[in-house]
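Examination of the molecular architecture
One-letter residues, chain by chain:
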Amino acid sequence: MGVQPLPTKFYNNSNGHGGEAPLLLGLQASALVDHVAPVDASLLGQIPGERGGSIPVAMEELEDIVKKVKTHILNSPDSYSPVKTIAGGSVANTIRGLRSGFGLSSGIIGASGDDEQSELFVSNMSSHGVDLSRLRMKKGPTAQCVCLVDELGNRTMRPCLSSAVKLKADELAREDFKGSKWLLLRYSIFNLEVIQAAIRMAKQEGLNVSLDLASFEMVRNFKEPLLQLLQSGDIDLCFANEDEATELIRGEQQTVNSEIALEYLARHCKWAVVTLAANGCIAKHGKEIVRVPAIGESKAVDATGAGDLFASGFLYGLVKGLSLEECCKVGSCSGGSVIRSLGGEVTPENWHWMYKQMQIKGLPILDINT
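None of these values were measured; they are calculated from a predicted model.

1. So, the packing of helix α2 (residues 90–100) against helix α9 (residues 306–319)
Contact geometry for α2 and α9: axes closest at 8 Å, N-to-C directions at 45 degrees. One finds that α2 runs oblique with respect to α9. The crossing of α2 and α9 is right-handed. The residues of α9 that touch α2, namely those facing Ser90, Asn93, Thr94, Gly97 and Leu98, are Asp308, Leu309, Ala311, Ser312, Leu315 and Tyr316.

2. Topic: the sheet that holds strand β7 (residues 143–149)
The mixed open sheet is built from 4 strands, whose spatial order is β4-β3-β7-β8. Two strands lie at the open edges of the sheet, namely β4 (84–88) and β8 (155–160), each paired on one side alone. Neighbouring strand axes in the sheet, compared pairwise and without regard to direction, differ in orientation by 25 degrees on average. Bridge analysis of strand β3 (residues 32–38) against β4 gives 5 bridges, and the strand direction is antiparallel. By the bridge assignment for β4, Val36 is matched with Lys84.

3. Concerning empty space enclosed by the protein
By the definition in use, this model includes 3 cavities of 30 Å³ or more. Size it by volume and the largest cavity reaches roughly 80 Å³. Lining the largest cavity are Ser90, Val91, Thr94, Leu184, Leu185, Ser210, Asp212, Phe239, Asp308, Ala311 and Leu315. Listed by contribution, the elements that provide at least two residues to the lining of the largest cavity are α2, β9 (182–186), β10 (208–212) and α9. Approximately 50 Å³ is the volume found for the second largest cavity. Looking at the second largest cavity, the residues that line it are Asn93, Arg96, Gly97, Ser100, His128, Leu309, Gly344, Glu345, Val346 and Trp351.

4. Details of the packing of aromatic side chains
Aromatic ring pairs are defined here through the distance separating the ring centres and the angle between the ring planes. This structure, assessed with the given rule, holds 7 aromatic pairs. Between Phe239 and Phe314, the aromatic rings sit 5.6 Å apart at their centres with planes inclined by 90 degrees, giving edge-to-face as the arrangement. With Phe239 in strand β11 (residues 237–241) and Phe314 in helix α9, this pair connects stretches of sequence that are 75 residues apart. Phe239 sits in the buried class, given a relative accessible area of 5%. Note on Phe314: relative accessible area 0%, which makes it buried. Seen from their ring centres, Phe310 and Phe314 are 6.2 Å apart, and the 20 degrees between their planes marks the pair as stacked. Of the two residues, Phe310 and Phe314 are both situated in helix α9; the distance of 4 residues between them amounts to about one turn of the helix.

5. Quick word on helix α10 (residues 324–338)
Given 3.6 residues per turn, any residue in an α-helix points the same way as the ones three and four places further on. In this model α10 runs 22 Å from its N-terminal to its C-terminal C-alpha over 15 residues, within 8% of the 21 Å that 1.5 Å per residue would give. Buried within α10 are the following residues: Leu324, Cys327, Cys328, Val330, Gly331, Ser332, Cys333, Ser334, Gly335, Gly336, Ser337 and Val338. Buried residues along α10 sit against β12 (271–275), β13 (281–285), β14 (288–292), α9 and α11 (348–360).

6. A closer look at the pattern of salt bridges
One pass over the structure, following the stated rule, counts 15 salt bridges. Residues Lys138 and Glu171 are paired through a salt bridge, measuring 3.0 Å at the closest nitrogen-oxygen approach. You can see Lys138 sitting in the loop between β6 (131–137) and β7 and its partner Glu171 sitting in the loop between β8 and β9, a full 33 residues away along the chain. A relative accessible area of 11% means that Lys138 is categorised as buried.

7. Digging into the pairing of strand β5 (residues 106–112)
Here is the key point about a regular strand: its side chains alternate between the two faces of the sheet. Judged by how many residues are buried, β5 sits mostly within the fold: 7 of 7 residues are covered. The pairing of strand β2 (residues 24–30) with β5 spans 6 bridges and is parallel. Looking across to β5, one finds that Gly26 is bridged to Ile108. Running through helix α3 (residues 116–127), the crossover from β5 to the neighbouring parallel element β6 is right-handed.

8. Remarks on the state of the cysteines
Evaluation of the coordinates by the stated rule reveals 0 disulfides. Lacking any disulfide linkage, Cys160 is separated from the closest cysteine sulfur, that of Cys145, by 9.5 Å. Residue class for Cys160 comes out buried when judged on its relative accessible area of 3%.

9. Description of the packing of α9 against α10
A packed helix pair is summarised by two numbers, namely the angle formed by the two axes and the spacing between the axes. Interaxial distance between α9 and α10 falls to 7 Å at its minimum, and their mutual angle equals 145 degrees. Relative to α10, α9 is oriented so that their crossing is right-handed. Mapping the contact onto sequence places Ala306, Leu309, Phe310, Gly313, Phe314, Tyr316, Gly317 and Leu318 in α9 and Leu324, Cys327, Cys328, Val330, Gly331, Ser332, Ser334, Gly335 and Val338 in α10. Its residues placed into classes, the contact of α9 with α10 shows 11 nonpolar, 6 polar and no charged.

Scoring rules and cut-offs
- Residues numbered from 1 in each chain as written.
- Predicted model: local features only at pLDDT ≥ 70, side-chain atom pairs only at ≥ 80, totals over all residues.
- Heavy atoms only, no water.
- Axes fitted to C-alpha atoms, helices over the stretch in contact; angles between N-to-C directions.
- Helix = DSSP H or I, 4+ residues; strand = E, 2+ residues; numbered from the N terminus.
- Parallel < 35°, antiparallel > 145°, perpendicular 65-115°, else oblique.
- Left-handed = near helix turned anticlockwise from the far one by under 90°.
- Contact = heavy atoms within 4.5 Å.
- Pairing = 2+ DSSP bridges.
- 1 Å grid on protein atoms, 1.4 Å probe; cavity = no way out; pocket = protein on both sides within 12 Å on 5 of 7 lines; lining within 4 Å.
- Points joined across faces, edges and corners; volume = space filled by probe spheres on them.
- Phe/Tyr/Trp six-rings, centres within 6.5 Å; stacked < 30°, edge-to-face > 60°.
- Buried < 20%, exposed > 50% of the residue type's maximum accessible area, 1.4 Å probe, protein only.
- Expected span 1.5 Å × (residues − 1).
- Salt bridge = Lys/Arg side-chain N within 4 Å of Asp/Glu carboxyl O.
- Right-handed = clockwise from strand over helix to strand, strands pointing away.
- Disulfide = S-S within 2.5 Å.
- Nonpolar A, V, L, I, M, F, W, Y, C, P; charged D, E, K, R; others polar.

Now the structure itself:
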């Protein structure tokens, strides 16, 4: 029967904001559930695609990977179950972090199915106070992703999106964006039309727009539409990891490195950030360039969500009017918090670890719900 608002029983409006629009909105066309598993590295040579990246797979391929996981599983130190299943997706991770860890009103725009995975996604996000009033429920399956974490904490992701329900461009309305200040996006060629429509409406309503470059495969294989998005002038803030950033300028520049990629991004965006894993990050705003070291353990338990939670901290800093360097430091603290355990959701213990790191560095943590 087309698009329906999510029934009231599925979402929680007890986030203290009543009918007010969330300060930050994340567009995730398809609600998604992550199945995070610690595995031995030999499995990664038996699945489609390159290690460390994220490429879509069919449902049959996802089911085959899940079967193989059972014979390659590593013991997880923080879980009774070898596979951790949680609400996922880059934008959802960032939005949940902004609400749960930083106390900022945040919401999701997207669609979920009518299955068990949808109920899990909704339950997880609403339990953290995320506004789901813009999440539509449709007939069909909810997207899933297998996140394989090797002994070094590096993650390889294989999402299954082809059959999943998703929000379409003609289902968006300007009312979805009215009253909010930021729109968060993740680049995807498969959702390009809804991304373009969301940007257009967000700009009509005066929102700033943040874009994450998603994965080096997405940048490599679908570079031209991405360049058009960046060159439009509608992207205010861009996040990229080192692989994504260098892939973006490969073939465009004679020399390819993170600093040159940062300069390229900053020509088109007000704020540009390139994360460098254990080496921290570099960022540029106007003429100012900063380099901030990583915070926390040098060895990650699981790198899943590190960039997503970095974005949560950086955006918190922008909303609170912090300097560029302070925004990066908060991002490094929040990014460092999520890699201490399995999955893209920060545990209460690791939020407290993050607050302690922020206090040590003299960063403001007022108005955070602990």
